[in-house]
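Understanding the architecture of this molecule
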Amino acid sequence: MSDEAYVKLREFLDTFPLGLPATPSGVEIKILKKLFTEEEARVAVLLSPSPEEVSQIAERSGVDEKYLAEMLDKMSRKGLVFRIRREGKTLYNAAPFMIGLYEYSVKKIDEELARLFKEYYETVYVDEMGASNVPGFKVLPIEERISADTVLLPYLKLKELIRNARVVAVTDCICRKEARLNGEGCDYPLETCLSFGVAAEYYIENGMGNEISVEEAIRIIEEADEAGLVHASVNAKHLSNVCNCCPCCCASLKGITKRGYEVHKYINAIFKSVIDQDACIGCGTCVERCPVNAITLEEAASVNEEKCLGCGLCATTCPVNAISLKLRESWKEPYNRVAELGIAILDGKRKNRSTR
């Protein structure tokens, strides 16, 4: 099998905000070969990041429209390209490696693919995810523990955002599934990955996830919170997904917990935990609960704001309600749209590379 089509596909995918950098071992080519046939690899590079009708792709590429329609439908069902149905039209766009090809492999990942994903992440991808210093994800805590005097903008109200969702889907966490296949899994719940709107429709239509009600989604969030999972979503105001992340398997949190990288490289920590020193009884529950070891205990507990995710997991289990969440003094708004986030990540990567 020739590598030409896969090399071109890798180069194409590397132009996305979270790219697909080459490695000395070529593990990324092995991943692409596992996911794509050679024919599919040649078709994938014809797409753009923006949704288009098949006729537009065919006209631009000079490839037969009927052939493209058949290939793109088949590829979308395999999680190799993204498909949107809008106002009676079907549109396709290229799927980046993340969020995209990696997550869409949730139902087909096996031990070989899990091993390749792990090797690629540890070789280059943990650094690729933080290369721009623009966090790709934001953390949204459940509202109950946010300080009562905090005025929340609509895009910061997690449960309200979920209640307003047009359609919701749930599937397994690909990060924890990969870890378990590599013999390194944790005991955190598996079916916790939520998607909304067009993303949810894509998961449902292609058998990657199950449609659930808003009430079920809220229940999953509450149970995830109780289990100690961090509610992370793409760092944009529009809610497209909620990954309930563990510190041991999550691709973003592992950079913080296992590599010691700064929180801001991966996570927009909008909130911070504040401990009432007079009310604290020094029980240490919050220390055990914190997923990133941001809390220490002497006579009373104290928070390292630089490490704090603002996830609120400490607040939801404090037996004397001594912990609340507040907006950081210099918190940064999520981007208006995912496309704006992508542009910021690309600009950040260029700036960082030019200063090396």
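Structure first, text after, so check above.
Cut-off values and rules
Residues numbered from 1 in each chain as written. Predicted model: local features only at pLDDT ≥ 70, side-chain atom pairs only at ≥ 80, totals over all residues. Heavy atoms only, no water. Disulfide = S-S within 2.5 Å. Buried < 20%, exposed > 50% of the residue type's maximum accessible area, 1.4 Å probe, protein only. Helix = DSSP H or I, 4+ residues; strand = E, 2+ residues; numbered from the N terminus. Contact = heavy atoms within 4.5 Å. Pairing = 2+ DSSP bridges. Salt bridge = Lys/Arg side-chain N within 4 Å of Asp/Glu carboxyl O.

Moving on to the state of the cysteines. Counted under the stated rule, the structure contains zero disulfides. Cys280 supplies the cysteine sulfur nearest to Cys286, a cysteine that is in no disulfide, at a spacing of 6.1 Å. When its relative accessible area of 8% is taken as the criterion, Cys286 is described as buried. Not engaged in a disulfide, the cysteine Cys314 finds its nearest cysteine sulfur in Cys311; these two sulfurs lie 6.3 Å apart.

Moving on to helix α10 (residues 197-205). Along α10, the positions that sit buried rather than exposed are Gly197, Ala199, Ala200, Tyr202 and Tyr203. Buried residues along α10 sit against α5 (65-77), β2 (81-86), α6 (97-104), β5 (168-171) and β6 (193-196). A positive backbone phi angle near 70° is found at Gly207, which sits one or two residues after α10.

Strand pairing in a sheet is mediated by backbone hydrogen bonds. Such pairs are either parallel or antiparallel. A sheet is described by the order of its strands in space; here three strands give the open sequence β1-β3-β2, paired in antiparallel fashion. What marks the edges here is a single partner per strand, and that holds for β1 (52-53) and β2. Where β1 and strand β3 (residues 89-94) come together, two bridges link them in antiparallel fashion. Paired with Glu52 across the two strands is Tyr92, which belongs to β3.

Turning to unusual backbone geometry, a few remarks are in order. Here the residue pair Met98 and Ile99 is connected by a cis peptide bond, since its omega of -10° sits within 30 degrees of zero. Residue position: Ile99 is located in helix α6. Although it is not a glycine, Asn133 sits at a positive phi angle of roughly 60°. Looking at where Asn133 falls in the secondary structure, it is placed in the loop between α7 (111-129) and β4 (137-139). Under the relative-accessibility criterion, Asn133 is labelled partly exposed at 34%. Even without being glycine, Asn321 reaches a positive phi, approximately 55°.

Before going further, it helps to examine the pattern of salt bridges. On inspection of all chains with the given rule, the structure shows 25 salt bridges. One salt bridge in this structure joins Glu144 and Lys159, with 2.7 Å as the shortest N-O distance. Residue Glu144 is found in the loop between β4 and α8 (158-163), and its partner Lys159 is found in helix α8; the two are separated by 15 residues along the sequence. When its relative accessible area of 52% is taken as the criterion, Glu144 is described as exposed. A salt bridge links Lys177 to Asp172, with the nearest nitrogen and oxygen atoms 3.7 Å apart. Among the charged side chains, a network of salt bridges with common partners joins Lys34, Asp110 and Glu112.

Geometric values such as these leave the question of function open.
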